[in-house]
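Residue-level structure breakdown
The chain contents come next:
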Amino acid sequence: MEKKKKRIFLGILVSLLLIGIAGTGTVYYYLFAPQFYPHKTAYIYIDRDDTADSVYNKVKAQGNPKSFAGFKWMAQWKDYSRHIRTGRYAVRPGENVYHVFSRLYRGYQEPMNLTIGSVRTLDKLARSVGRQLMIDSAEIARAMNDSLFRQKLGYGKETIACLFIPETYQVYWDMSVDDFFERMQKEHRKFWNRERLDKARAIGMTPEEVCTLASIVEEETNNNPEKPMVAGLYINRLRAGMPLQADPTIKFALQDFGLRRISNAHLAVDSPYNTYLYPGLPPGPIRIPTPAGLDAVLDYTRHNYIYMCAKEDFSGTHNFASNYADHMRNARKYWKALNERKIFN
């Protein structure tokens, strides 16, 4: 009888051990064994409208899991539907359910590259940011058009573009509008360090004025080595009390950036951005200038040129002149090239 009891006890013990091993193996397989097999690191974007079901679909579609049962077990156990966190999350080849789910549940996001481009209008900037981040472009545009918000940042309607320094920044995809502008302020202060502020003061300009002139320089030429030359020419004109007479400001005033030939009719537009009619700098930048453009103004080339004309070879560079007669000779060569190519507007 005693032996029979021992056999029963051992049988129960073995059964429990086998059940335990099987249970442990099952848990290990569904939670800790590699389950996700995307071709390369995939990214799950979870926004404010997502539900648990929509997150499941995104993870399955992007992560290519061998089995998804463990993910759903974890989600139900942790009540994931009440703890959904927005953001951009990575799923790497060979990862297990535990690590992927924990990342989403705890909000451990992957940073991403946000590119601020050198664009001509704030609308384009808002659309570009909206395409890259969870923020809607309308939210960005609304903030930039809010006079109180601009005032808080220290800018007006015409100068808010000066806040942005074109560059690629690492950010989180679900950053808020306030976070976005705080980051732009931080990067602006970082760019405008003591050395650059001292250079601006030496020229007699504020950072906003440097930005405005740099925007004109960059509309005049894409050639980085030539930018300090162009900046020097405009600084010579400012100091001589001459109008800038910059054709790109006419295009901005007309909001017609496709113009290739400026006519007298175009020059008559009554706008504070018409540098043929109004002396000095326009009220603000006509595009968001690059760091190279800003530094071209701060480190402008010292020379005596006050005229320039695009080269007749359409290389994107210019012929410079210190007197009107030489300038007209250069201009006639360019006009002839335009006529030969039948470019009349």
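Refer to the structure presented above.
Residues numbered from 1 in each chain as written. Predicted model: local features only at pLDDT ≥ 70, side-chain atom pairs only at ≥ 80, totals over all residues. Heavy atoms only, no water.

**Comments concerning helix 5 (residues 122-132)**
- Among all positions of helix 5, only L125, A126, S128, V129 and Q132 are buried. Each buried residue of helix 5 sits inside an arc of 165 degrees when the element is viewed along its axis, so together they form one side.
- Residues of helix 5 that are buried sit in contact with strand 3 (112-116), helix 6 (137-144) and helix 8 (177-191). (Buried < 20%, exposed > 50% of the residue type's maximum accessible area, 1.4 Å probe, protein only. Helix = DSSP H or I, 4+ residues; strand = E, 2+ residues; numbered from the N terminus. Arc of directions from axis to C-beta. Contact = heavy atoms within 4.5 Å.)

**Description of the nonpolar core**
- Counting residues in each nonpolar core, the largest one holds 59 residues, and the members touching the most others are I116, L133, F164, F180, F181 and Y234.
- Setting aside chain neighbours within four positions, we find Y234 in contact with L213, I216, V217, E220, L244, A246 and M308.
- Listed in part, the 20 residues of the second largest apolar core include I44, V59, Y80 and V100. (Core = buried A, V, L, I, M, F, W, Y, C linked by side-chain atoms within 4.5 Å.)

**Some remarks on the side chain of T275**
- Position of T275 among the secondary structure elements: in the loop between helix 13 (264-267) and helix 14 (291-298).
- A distance of 2.8 Å separates polar atoms of two side chains, one belonging to T275 and the other to T249. (Polar contact = N/O pair within 3.5 Å; in protein donor to acceptor, adjacent residues only side chain to side chain.)

**A short note on the packing of helix 11 (residues 227-240) against helix 14**
- At a closest axis distance of 8 Å, the pairing of helix 11 and helix 14 adopts a crossing angle of 50 degrees. As summarised for this structure, helix 11 and helix 14 are arranged oblique, according to the angle between their axes. For the pair helix 11 and helix 14, the crossing hand works out as right-handed. Residues K227, P228, A231 and I235 of helix 11 touch helix 14, and the partners they reach there are G293, A296 and V297. (Axes fitted to C-alpha atoms, helices over the stretch in contact; angles between N-to-C directions. Parallel < 35°, antiparallel > 145°, perpendicular 65-115°, else oblique. Left-handed = near helix turned anticlockwise from the far one by under 90°.)

**Brief notes about the state of the cysteines**
- A complete count under the given rule lists 0 disulfides for this structure.
- Sulfur of C162: no disulfide; nearest cysteine sulfur belongs to C211 and is 3.2 Å away. (Disulfide = S-S within 2.5 Å.)

**Some remarks on the side chain of R103**
- Along the chain, R103 turns up in helix 4 (residues 97-106).
- A distance of 2.6 Å separates a polar side-chain atom of R103 from the backbone oxygen of A90.
- Sequence-distant contacts of R103, defined by excluding residues within four places in its chain, comprise Y89, A90, V91, R92, E95 and Y108.

**Some points on the packing of aromatic side chains**
- Taken as a whole and judged by the stated rule, the model has 20 aromatic pairs.
- A ring pair is formed by F68 and F71, whose centres lie 4.9 Å apart and whose planes are at 15 degrees; its orientation type is stacked.
- The structure contains a cluster of three or more aromatic residues connected by ring pairs, namely Y56, F68, F71, Y80, F101 and Y105.
- The positively charged end of K78 is found above the aromatic ring belonging to W77, 5.0 Å away from the centroid. (Phe/Tyr/Trp six-rings, centres within 6.5 Å; stacked < 30°, edge-to-face > 60°. Lys NZ or Arg CZ within 6 Å of the ring centre and 35° of its normal.)

**What about the layout of surface pockets?**
- The space that makes up the largest pocket amounts to roughly 1,300 Å³.
- No other element matches the 7 residues that helix 15 (residues 324-340) contributes to the lining of the largest pocket.
- In terms of residue class, the lining of the largest pocket is built from 21 nonpolar, 9 polar and 11 charged.
- Within this model, the second largest pocket holds a volume of roughly 430 Å³.
- Taken together, 20 residues line the second largest pocket, and the ones lying closest to its centre are T121, L122, K157, I160 and F252.
- When contributions to the lining of the second largest pocket are tallied by element, the ones reaching two or more residues are helix 5 and helix 6.
- The class makeup of the residues in the lining of the second largest pocket is 11 nonpolar, 3 polar and 6 charged. (1 Å grid on protein atoms, 1.4 Å probe; cavity = no way out; pocket = protein on both sides within 12 Å on 5 of 7 lines; lining within 4 Å. Points joined across faces, edges and corners; volume = space filled by probe spheres on them. Nonpolar A, V, L, I, M, F, W, Y, C, P; charged D, E, K, R; others polar.)

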